[in-house]
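# Coordinate inspection notes
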Amino acid sequence: MRLIIIGSGYVGLVSGACLAELGHHVLCVDNDESKVDQLKAGQIPIYEPQLSEMITRNVARGRLGFTSRLPALGKEMHAVMIAVGTPPQVNGSADLSAIFAVAQEIAAKAVHPQMVIIKSTVPVGTGDSVQALMHKARPEIHFSVISNPEFLREGSAIDDFMAPDRIVVGAGDETARNTLRALYAPLEQTGAQVVCMGRREAELVKCAANAFLATKIAFINEMADLCEAVGADVEEVAHGIGLDERIGAAFLRAGPGYGGSCFPKDTTALQAIAQEHGVNLRLVETVIASNEARKRAMGRRVAKALHGDLSGRVVAVLGLTFKPNTDDMRDSPSLVLIDALQRAGAKVQVFDPQGMNRARVHLNDVSFTDNPYLCAEGADCMVLATHWPEFASLDAERLGRLVRNKVLVDLRNFLDPQAFLKAGFAVHAIGRPPQQPRRHSLVAVHQQSARNPSRGGYMNGAAQRPSPALQDGLSG
């Protein structure tokens, strides 16, 4: 099949590359000429495992191309896919201006009836609005608007596209459904389930699914707080919960809260559309509030690990992106963490395997380092904020020789606590009681704290009170 994908961002690029890999001929259109020039030169503007190789391979095969101008849409074009961004507005609702602008352009360029596939995540009813807009612009041409939401996880998007757990098709007529089945036939033949439904139902599926997954994350994070209070291990609790097939183990990993391009945007958009229709989504509203509070609380965890005083302290933050295997910084918990640390008077030095360039846009007055060991050098506390696979092999003994104080705050329960305890670190994790190294390793720490109370620790058996700057910087 021949198709055009409008929008060469994350969803558009992955979808275009994968559909070309399946044997279709795909032209990706983007109005950002500099991005198009990059793509033509073989430079991929985002990081996603396998994506660069797949794009290069299909460009060489003549099945994938890039342009900044939408061509005339004749009968040789089987479908046009819309994959532009729908960012949140101030009130939380999705900004559909790009969707409607593209719909206008498609209508203007059409010289033959066209199938228009909305791949972007949109509120329920968007397909109706697009259909009406296009019919008004070109009443003489029939446009069939189809909802085909994406379920791509950043970091594993290629695998998710090529081996999906379901393909949702929202269309009102059999011709449109058959066209989509033909588009995804190679995947259906290998076992992928194509689920056909109405357009409004398909539009709701994506936001509802993400809201449910966000709820699981918020739930296990609150259980982690309870585990800490009662001296239990949240990892074992989550394992016991996840074995129930009605619940499942996915998204039951306690951490600093969810972020990224989907969960924050889709939950607030779902809440906004519900409010617009006079419906109260109390559970979704609570999940959003719980997650925001969760991210703000991470700075206080670091302060507690350093006995309450962050003024002048050096904190090394490992991992900046909202999850591993992506360079996406959108709504990353690390941004809230670093802001809280800085407002409390800490000096922050950071490292991320792929997110450093994008992080520079969001972060000020931090020290960017070239590797995790340089990041740890001279630090009073190490914080693991993103569980990149390469961090699992960090040398705890080497890190112990580089830091000023051996304190580790693992916000992902990812690092081996025994290795760091053996190296003399105090280990603070999520949903677990704090762990101290062997007694002999603590002697030097206590002596140092007694000599220099401003460096934290205990004096006369009592913990120091947080400084006014700390209370202000970590409030919320």
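Described in the following lines is the structure provided in the data block.

Calculation notes
Residues numbered from 1 in each chain as written. Predicted model: local features only at pLDDT ≥ 70, side-chain atom pairs only at ≥ 80, totals over all residues. Heavy atoms only, no water. Helix = DSSP H or I, 4+ residues; strand = E, 2+ residues; numbered from the N terminus. Buried < 20%, exposed > 50% of the residue type's maximum accessible area, 1.4 Å probe, protein only. Pairing = 2+ DSSP bridges. Right-handed = clockwise from strand over helix to strand, strands pointing away. Core = buried A, V, L, I, M, F, W, Y, C linked by side-chain atoms within 4.5 Å. Contact = heavy atoms within 4.5 Å. Axes fitted to C-alpha atoms, helices over the stretch in contact; angles between N-to-C directions. Left-handed = near helix turned anticlockwise from the far one by under 90°. Nonpolar A, V, L, I, M, F, W, Y, C, P; charged D, E, K, R; others polar. Arc of directions from axis to C-beta.

Once that is clear, we can look at unusual backbone geometry. As a rule of thumb, non-glycine residues mostly have phi less than zero, and peptide bonds are mostly trans rather than cis. Its identity as a non-glycine residue notwithstanding, Gln 50 has a phi of 80°, on the positive side. Among the structural elements, Gln 50 can be located in the loop between α2 (33-40) and α3 (51-60). Relative accessible area serves as the criterion here: at 40%, Gln 50 is assigned to the partly exposed category. Of note in this structure, Phe 251 is not a glycine but carries a positive phi near 65°. Relative to the elements of secondary structure, Phe 251 occurs in the loop between α10 (234-242) and α11 (263-276).

With that settled, consider the pairing of strand β6 (residues 143-147). With respect to burial, β6 is a largely interior element, five of its five residues being buried. Taking every second residue as pointing to the same face, both faces of β6 are buried, with Phe 143, Val 145 and Ser 147 on one and Ser 144 and Ile 146 on the other. Across five bridges, the pairing between strand β5 (residues 114-118) and β6 is parallel. Looking across to β6, one finds that Gln 114 is bridged to Phe 143. Handedness of the β5-helix α5 (residues 126-137)-β6 crossover: right-handed.

Pairing between the strands of a sheet is mediated by backbone hydrogen bonds and can be parallel or antiparallel. The parallel open sheet is built from six strands, whose spatial order is β11-β10-β9-β12-β13-β14. With partners counted over all chains shown, the strands left at the sheet margins are β11 (367-368) and β14 (426-428), one partner each. In this structure, strand β12 (residues 381-384) lies alongside strand β13 (residues 407-410), joined through three bridges in parallel fashion. Residue pairing in the sheet places Val 383 in a bridge with Val 409 of β13.

By size, the foremost hydrophobic cluster in this structure holds 59 residues, and its most contacted members are Val 302, Val 317, Leu 320, Leu 337, Leu 341, Met 382 and Phe 425. Those residues in contact with Val 302, other than ones at most four positions away along the chain, are Leu 310, Val 315, Leu 337, Leu 341, Cys 381, Val 383 and Val 409. Ranked by size, the runner-up nonpolar core spans 41 residues in total, among them Leu 19, Ala 20, Leu 22 and Cys 28.

It is the contact of helix α4 (residues 97-109) with α5, at a shortest axis distance of 9 Å, that shows an interaxial angle of 35°. As for the relative orientation of α4 and α5, their crossing is right-handed in sense. From α4, Ile 99, Phe 100, Ala 103, Gln 104, Ile 106 and Ala 107 reach across to α5, where they touch Thr 126, Ser 129, Val 130, Leu 133, Met 134 and Ala 137. Residues that form the contact of α4 with α5 fall into these classes: nine nonpolar, three polar and no charged.

Our focus in this paragraph is α3. Among the residues of α3, Leu 51, Met 54, Ile 55 and Asn 58 are the ones counted as buried. Relative to the axis of α3, the buried residues are bounded by an arc of 100° and lie together on one face. Where α3 is buried, its residues meet α1 (10-21), β3 (64-67) and α6 (157-162). The first or second residue beyond α3 is Gly 62, which carries a positive phi of 80°.

This part is about the packing of α11 against helix α12 (residues 282-305). Each pair of packed helices can be described by the angle between their axes along with the distance between the axes. Between α11 and α12, the least distance of the axes is 10 Å, while the angle of their chain directions is 145°. Relative to α12, the crossing made by α11 is left-handed. Here Thr 267, Thr 268, Leu 270 and Gln 271 of α11 lie close against α12, whose contacting residues are Val 284, Glu 285 and Ile 288. A per-class count over the contact of α11 with α12 returns three nonpolar, three polar and one charged.

Coordinates in, geometry out; function isn't part of it.
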